[in-house]
Amino acid sequence: MEIDAVLKALPHRYPFLMIDKIIEIDGDNSAIGIKNVTYNEPQFMGHFPGEPIFPGVLIIEGMAQTAGAIVINLENRSGDRHIVYLLTIDAVKFRKPAKPGDRLEYHIKKIHRRKTVGRYEAKAIVNGVVVAEAEIGAMIVKESA
């Protein structure tokens, strides 16, 4: 999914869109999303001056957006419009900081999905090293007209 397809799937926009594209998709079973971290992003004005670190909460958001985008991409093929709401974030671990110049890869794998609720394993990886991981729960809702 290039950026135009991501924008069709997700309601998020700058400065809160945390993925640039998705390079691998297997239905809603797995995906790899990409976020190119750049120094000119607004969070680096205050996180932290002189030592810019990409906020961990935004890494988690990027993982959730990647999972949401693949679910929406699959669900919207039915002709109905859907939205995904984040329900839970569990087993979060931050291993290393991400910094400007890094290419974050969000590796998402479905753990299970029952009707409108799904659970996903997520890892953020930079240069082959896991920098963060979490389990994400989400609810898929059909948009009303």
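You'll find the structure just up there.
Everything numeric here is computed off the predicted structure, so don't read it as measured data.

What about the sheet that holds strand S4 (residues 103-114)?
Working step 1: With antiparallel pairing, the 6 strands of this open sheet are ordered in space as S1-S2-S4-S5-S6-S3. Unpaired on one side and paired on the other, strand S1 (21-26) and strand S3 (82-94) mark the two borders of the sheet. When strand polarity is set aside, the average angle formed by the axes of neighbouring strands in this sheet is 20 degrees.
Working step 2: Sheet contacts for helix H2 (residues 56-75): S1, strand S2 (30-36), S3, S4, strand S5 (117-126) and strand S6 (129-142); angle to S3, the most-contacted strand, approximately 140 degrees.

Thoughts on the nonpolar core
Working step 1: In this structure, Phe-54, Ile-59, Met-63, Leu-104 and Tyr-106 are the most contacted members of the largest nonpolar core, which totals 35 residues.
Working step 2: Where this core is concerned, the elements lending two or more residues are helix H1 (3-9), H2, S4, S5 and S6.
Working step 3: A total of 10 residues in this core trace back to one element, the largest contributor, which is H2.
Working step 4: Each residue touching Leu-104, except ones within four places of it in the same chain, is listed here: Gly-33, Ile-34, Lys-35, Val-37, Phe-54, Ile-59, Ala-98, Ala-124, Ile-125, Val-126 and Val-131.

Quick look at the environment of Val-6
Working step 1: Looking at the secondary structure, you find Val-6 in helix H1.
Working step 2: Taking the relative accessible area as the measure of exposure, Val-6 reaches 0% and is therefore buried.
Working step 3: Taking C-alpha positions, Val-6 is 9.3 Å from Gln-65, a pair spaced 59 residues apart along the chain.
Working step 4: Each residue touching Val-6, except ones within four places of it in the same chain, is listed here: Met-1, Leu-17, Ile-19, Lys-21 and Ile-22.

Quick word on H2
Working step 1: End to end, H2 covers 29 Å across 20 residues, agreeing with the expected 28 Å (1.5 Å per residue, within 8%).
Working step 2: Among the 20 residues that make up H2, 15 are buried, leaving the element largely enclosed by the rest of the structure.

Section: the layout of surface pockets
Working step 1: In this structure, the largest pocket spans a volume of roughly 260 Å³.
Working step 2: Around the largest pocket sit 21 residues that line it, and Leu-10, His-12, Gly-68, Val-84 and Tyr-85 are the ones nearest its centre.
Working step 3: Elements with a contribution of two residues or more to the lining of the largest pocket: H2, S3 and S6.
Working step 4: Counting residues per element, the lining of the largest pocket draws most heavily on H2, which supplies 7 residues.
Working step 5: Across the lining of the largest pocket, the residue classes break down as 14 nonpolar, 4 polar and 3 charged.
Working step 6: Space inside the second largest pocket adds up to approximately 180 Å³.
Working step 7: As for the second largest pocket, its lining consists of 13 residues, of which Tyr-14, Leu-17, Lys-35, Thr-38 and Glu-41 are closest to the centre.

Topic: the packing of aromatic side chains
Working step 1: For the structure on display, the rule yields 2 aromatic pairs.
Working step 2: With a centroid separation of 6.3 Å and an interplanar angle of 5 degrees, the aromatic rings of Tyr-39 and Phe-44 are classed as stacked.
Working step 3: Of the residues examined, Phe-44 reaches a relative accessible area of 4% and is grouped as buried.
Working step 4: For the pair Phe-44 and Phe-54, a centre-to-centre distance of 6.3 Å together with 50 degrees between the ring planes defines the contact as tilted. Note that Phe-44 is positioned in the loop between S2 and H2 and Phe-54 in the loop between S2 and H2, a separation of 10 residues in sequence.
Working step 5: On the accessibility criterion, Phe-54 (2% relative accessible area) is buried.
Working step 6: A connected cluster of aromatic rings, assembled from ring pairs, spans Tyr-39, Phe-44 and Phe-54.

Conventions adopted
- Residues numbered from 1 in each chain as written.
- Predicted model: local features only at pLDDT ≥ 70, side-chain atom pairs only at ≥ 80, totals over all residues.
- Heavy atoms only, no water.
- Pairing = 2+ DSSP bridges.
- Helix = DSSP H or I, 4+ residues; strand = E, 2+ residues; numbered from the N terminus.
- Axes fitted to C-alpha atoms, helices over the stretch in contact; angles between N-to-C directions.
- Contact = heavy atoms within 4.5 Å.
- Core = buried A, V, L, I, M, F, W, Y, C linked by side-chain atoms within 4.5 Å.
- Buried < 20%, exposed > 50% of the residue type's maximum accessible area, 1.4 Å probe, protein only.
- Expected span 1.5 Å × (residues − 1).
- 1 Å grid on protein atoms, 1.4 Å probe; cavity = no way out; pocket = protein on both sides within 12 Å on 5 of 7 lines; lining within 4 Å.
- Points joined across faces, edges and corners; volume = space filled by probe spheres on them.
- Nonpolar A, V, L, I, M, F, W, Y, C, P; charged D, E, K, R; others polar.
- Phe/Tyr/Trp six-rings, centres within 6.5 Å; stacked < 30°, edge-to-face > 60°.

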